[in-house]
Amino acid sequence: MLDKTYRPAEVEAKHYAAWEASGAFAADPTATVAPYCIMMPPPNVTGSLHMGHALNHTLQDILIRFWRMRGKDALWQPGTDHAGIATQMVVERRLEAEGQSRLGLGRDAFLAKVWEWKAHSGGTITRQLRRLGASPDWARERFTMDEGLNQAVRKVFVELYKQGLIYKDKRLVNWDPRLHTAISDLEVEQREIKGHLWHFRYPLADGSGRYIVVATTRPETMLGDTAVAVHPDDERYRDLVGQDVELPLVGRCIPIVADAYADPATGSGAVKITPAHDFNDFDVGKRQGVAAINILDRDARLNDAVPEPYRGLDRYEARKRVVADLEALGLVDKIEPHTHSVPHGDRSGVAIEPWLTDQWYCDAKTLAVPALAAVEQGRTEFVPKQWENTYFEWMRNIQPWCISRQIWWGHQIPAWYGPDGAVFVAETEAAALAAARAQYGTETALVRDADVLDTWFSSALWPFSTIGWPQPTPELKRYYPTDVLVTGFDIIFFWVARMMMMGLHFMGEVPFRTVYIHALVRDERGQKMSKSKGNIMDPLDLIDEYGCDALRFTLTAMAAQGRDIKLSKGRVEGYRNFATKLWNAARFCELGGCRSVPGFDPGAVKETVNRWIVGELAATAARAAEALENYRFNDAANILYQFAWGTLCDWYLEFTKPILAGTDEAAKAETRATTAWALGQLLHLLHPVMPFITEELWEQLGPQGAGRLITAPWPRFDARLIDPAAATEMDWVVRLVSQVRTIRSEMNVPPGAHIPALLKGLGPVAAGHLATHRDLILRLARLASVEATAEAPPKGAALAVIDEATLVLPLAGIIDLDHERTRLTKEIAKLDAEIVKIERKLGNAEFMAKAPEEVVEDNRDRRDEAAAARTKLNAALAMLAG
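Residues numbered from 1 in each chain as written. Predicted model: local features only at pLDDT ≥ 70, side-chain atom pairs only at ≥ 80, totals over all residues. Heavy atoms only, no water.

Peer 1: Whenever I open this one, the overall build of the chain confuses me. Can you help?
Peer 2: When its secondary structure is counted, the chain shows 29 helices and 29 strands. When its C-alpha atoms are laid out on the principal axes, the chain stretches across 105 × 65 × 55 Å. Counting over 882 residues, the chain shows a buried share of 54%. For the chain, restricting intrachain contacts to residue pairs at least 6 apart in sequence, the fraction spanning at least 24 positions comes to 77%. Per element, the accessible surface of the chain, about 37,800 Å² overall, is 51% carbon and sulfur. Mean positive and mean negative side-chain charge positions of the chain (101 and 116 charges, respectively) differ by 3 Å. (Helix = DSSP H or I, 4+ residues; strand = E, 2+ residues; numbered from the N terminus. Buried < 20%, exposed > 50% of the residue type's maximum accessible area, 1.4 Å probe, protein only. Contact = heavy atoms within 4.5 Å. Areas by Shrake-Rupley, 256 points an atom, 1.4 Å probe, with all protein chains shown as cover. Lys, Arg positive; Asp, Glu negative; His and termini not counted. Charge placed at Lys NZ, Arg CZ, Asp CG, Glu CD.)

Peer 1: Sorry if this is basic, but what is going on with helix α10 (residues 364–376) here?
Peer 2: Spacing of three or four residues puts side chains on the same side of an α-helix, whose turn is 3.6 residues. Here α10 is 13 residues long and its end C-alpha atoms lie 18 Å apart, about the 18 Å a rise of 1.5 Å per residue gives. Burial in α10 covers these residues: A364, L367, A368, A371, L372, A374 and V375. At its buried positions, α10 is contacted by α7 (147–162), β14 (353–362), β15 (381–383), α11 (387–396), β16 (401–402) and α16 (492–507). After α10 finishes, the residue G378 shows a positive phi value of roughly 85°. (Expected span 1.5 Å × (residues − 1).)

Peer 1: Explain the packing of helix α19 (residues 569–591) against helix α24 (residues 691–701) to me, please; I cannot follow it from the model alone.
Peer 2: For any two helices packed against each other, the geometry comes down to the angle between their axes and how far apart the axes lie. Between α19 and α24, the shortest axis-to-axis distance is 11 Å and the interhelical angle comes to 5°. By the angle between their directions, the pair α19 and α24 is classed as roughly parallel. For the pair α19 and α24, contact is made by A579, L582, W583, A586 and E590 and by I693, E696, L697 and L701, respectively. Residues belonging to the contact of α19 with α24 are distributed by class as follows: seven nonpolar, no polar and two charged. (Axes fitted to C-alpha atoms, helices over the stretch in contact; angles between N-to-C directions. Parallel < 35°, antiparallel > 145°, perpendicular 65-115°, else oblique. Nonpolar A, V, L, I, M, F, W, Y, C, P; charged D, E, K, R; others polar.)

Peer 1: Before we go on, may I ask you to explain the pairing of strand β23 (residues 512–518) in this structure?
Peer 2: In the case of a regular strand, side chains alternate between the two sheet surfaces. Counting buried residues in β23 gives six out of seven residues, a clear majority hidden from the surface. When β15 meets β23, the two strands line up parallel, connected through three bridges. Paired with F382 across the strands is V515, a residue of β23. Sheet analysis places strand β22 (residues 482–488) next to β23, joined by six bridges and oriented parallel. Along β23, the bridge assignment pairs T487 with I517. Once you follow β22 into α16 and on to β23, the crossover reads as right-handed. (Pairing = 2+ DSSP bridges. Right-handed = clockwise from strand over helix to strand, strands pointing away.)

Peer 1: Honestly, the sheet that holds strand β13 (residues 332–345) in this entry has me stumped. Any pointers?
Peer 2: Note: strands within a sheet are paired through backbone hydrogen bonds, in either parallel or antiparallel orientation. Overall, antiparallel pairing links the three strands, which are arranged β8-β7-β13 in an open sheet. One side of each edge strand has no neighbouring strand; the edge strands of this open sheet are β8 (211–216) and β13. Put simply, the sheet's adjacent strands are angled 20° from each other on average, direction ignored. Note that strand β7 (residues 188–203) and β13 share 13 bridges and pair antiparallel. Within β13, the position partnered with K194 by the bridge is T339.

Peer 1: Would you mind going over the side chain of H687 with me for this structure?
Peer 2: Locating H687 in the fold gives a position in the loop between α23 (665–686) and α24. With a relative accessible area of 0%, H687 lands in the buried category.

Here it is, written out as structure tokens:
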């Protein structure tokens, strides 16, 4: 017997443990059925479950459970990422608390501490994914630094190096002066800073006394200037192009060059060029052939390339000194307040320096060619399709990929240096020493490159390295290419594009057929969740409060393609109520004696209401499957919700009460069997989205020996189960009762009032429906009577159309009609004013230019909600006759 109350915590722990222990998540490379594979985006080993994870892994789990039930050999490949910088920082902080340091320990001892930390604390995120109900093949869990992946990374590096696609170069990187490493663009966050724009006068070197004015937000970098750029079409400076200016404080003569980078409409139209400390200036310097002078050291202090008074100064102290010295020389034209974005390291919190340094690079431009073609040709498709444009934009403008990092935790670059600086790239130290012996003719000591690879380098190999490559494993042959990648838009370039490049280069085929890009989870006002705003919602807290199934269903129901999710606790609570409704419906069936009947044939039922629910269920199963096949997760959830809450609970269970209370034993037995069957099939359909409550109800109410729901087949029905006549008949009853209920609600008819109803112009088929279901209609619509009529509607009646008939509800004497008309008119006018106000705001160009995206979206949503409410009230007003 089911408990009166559903207790998620007990049920979730019990069933997850049983699923995992039974091997229900496991793929079978020897199976004869078709494979289906999803690669789990590996969460950072340092990570904890956040709402983005919850959405991403819920959608993946829905797909894997769905296709598993559809009979595929489903592999959801799990694993975690070593997260180089993040993990190193975590361990360094622990060492600091113990009075130790990374440098004090040395590399080997420090790495031993990291591995020790991983062994004790690195499994947090995977334990939390289990709380979410995720069902990957945990026995196959990989780590981006396990030995198999280490081998794959070394082999890829060596092969790309031999092919000339990996090389060393001196280029600008995002340099973190606190962490002392290059970082990726994804690890850089832009912060709005209230600073200044300094305008400096650079005197012409010809002694004429003329000068050119340049503006900068970073005065200290002027010590590294090697040119001044003006636009080729800027008449003001055409005669100056080719001349030199004397760089103040330094005395170096630098040329005035013509370059389209300079914008005549910005400032003076002249731009100082510092190739070693600005990405745009670096490109200008390359085009114009001017030097790049690095004036900063790794701590962002000025080095010996600047005049002696500035050497050793911190960049901000140097800024003050440079401005003061230029003012003393009368070379400051003006200083303006200026708010601008400054890049900061997302982990260190310090301003990032574009810094010229020797790094390892991957020739992404060459690797991008086949990856770009694969999407253009449709071999990999993006859903929603518009994200292909983002992919194309990045891939067509791709730059060399800096793959080296100056930290210790990660894949150490397999390169060794000889005493003369010669580099030996090999998969093992033994191979490098052999190559050195061949070159030098004797045993020669080598020094290994201290850098490690960018974390994204190993992640780029994830779709094939995790299933065995470079070994020709059965898994590699069976599961590559994978079916779909589910990920966020922010890593289309950093991860998706790089997996495409590496997969095509080393496997000769795309890594996945489909890339599903999900939206962001925001707060209920549409704002991005962040610690600083205090609006973060912890998925584990929501699971504790409302149950895992409620959170999963909420995220699924709101996961419309291309639309961010505005999440609130109220939404989760609402879907918790849905779980409760399902539980209570199951209890009602159990108490009513509705038990599964062995050999039940849904195609043999005779009662109209039973033929109707069988057909409705068959149609629902087909629609839900079609939605999931096309990644319309919200549609699938809403289709199932409407059937469960509306069709089954609100209508079918109510329709069958008279049968179950009657004396026709055959009809009663058929109805009980049909009810049990319909509930059981609904549990199958809901299982991918709500795995825990459905498994519990199936365990308690399903047929003896039926096995677990997680391994049960997805319901497939013959289209002949849909009975058009039964559907038409019961649909008419549903619409009639619904229309009466709508009028009662809109017109504030007292709940206890039983009112008469008339149907004018009723056709013969509908008249038959009315005769058959009159008692049911009276009870469900709370009517005193319902009759066909040919007379004109009385004054003071509410009217609505039901097919060929007009529904007439005489309300005179039951409600104050004039009061209702006045109330509805006032509410409509209020909504009109609200819509006009919002439309005026959305039509304001200044507002649209300045307002954050989430604020604009919130206004659109409020406008649409007001318009929908107005439509509803206008319909109610139109119902009142006379």
